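# Structural overview
Take a look at the letters that make up each chain.
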Amino acid sequence: MGQMNKAWHARNPTADRATFEERRPWHERHAKACGCRQMPVRTAAELAKRKKMAAARTTRRAT
Ligand SMILES: [Zn+2]
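Residues numbered from 1 in each chain as written. Predicted model: local features only at pLDDT ≥ 70, side-chain atom pairs only at ≥ 80, totals over all residues.

On to the overall build of the chain. Within the chain, the secondary structure is distributed over three helices and zero strands. Secondary structure elements in the chain, listed N-terminal to C-terminal, are α-α-α. Radius of gyration (C-alpha) of the chain: 14 Å, far over the 11 Å computed for a compact globule of 63 residues. When the backbone C-alpha atoms are referred to their principal axes, the chain occupies close to 45 × 25 × 20 Å. Expressed as a percentage of the 63 residues in the chain, the buried residues total 2%. (Helix = DSSP H or I, 4+ residues; strand = E, 2+ residues; numbered from the N terminus. Rg over C-alpha atoms; globule rule 2.2 N^0.38 Å. Buried ≥ 20, exposed ≤ 12 C-beta atoms within 10 Å, placed from the backbone.)

Structurally, Met 53 is set in helix H3 (residues 41–62). Owing to 10 C-beta atoms within 10 Å, Met 53 belongs among the exposed residues under this scheme. Measuring from C-alpha to C-alpha, the distance between Met 53 and Ala 33 comes to 25 Å, with 20 residues separating the pair along the chain.

Attention now goes to the confidence of the model for the chain. The share of residues in the chain with pLDDT of 70 or more is 95%, and the mean pLDDT across the chain is 87. Within the chain, the lowest mean pLDDT, 87, falls on H3, and the highest, 96, falls on helix H1 (residues 6–11). (pLDDT = per-residue confidence, 0-100.)

Tracing the backbone shows Cys 36 in the loop between helix H2 (20–33) and H3. Look at Cys 36 and you get partly exposed, because 14 C-beta atoms sit within 10 Å. Residues Cys 36 and Met 4 lie 32 residues apart in sequence; the distance between their C-alpha atoms is 4.5 Å.

Shown next as structure tokens:
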């Protein structure tokens, strides 16, 4: 596990009862800014699924 980016955490508090939609952008930013913990497997899987869906939509729109 990497170092905790305390300054980033101070600016980006975690919400205890956040929904997935609220946690998702937090985890995306967190993964880039800080290495103190890994994204939960289910969150990472859901993100990957949504990125795939978004890519499919973009492809359809382009063609
Ligand atoms: Zn962190």
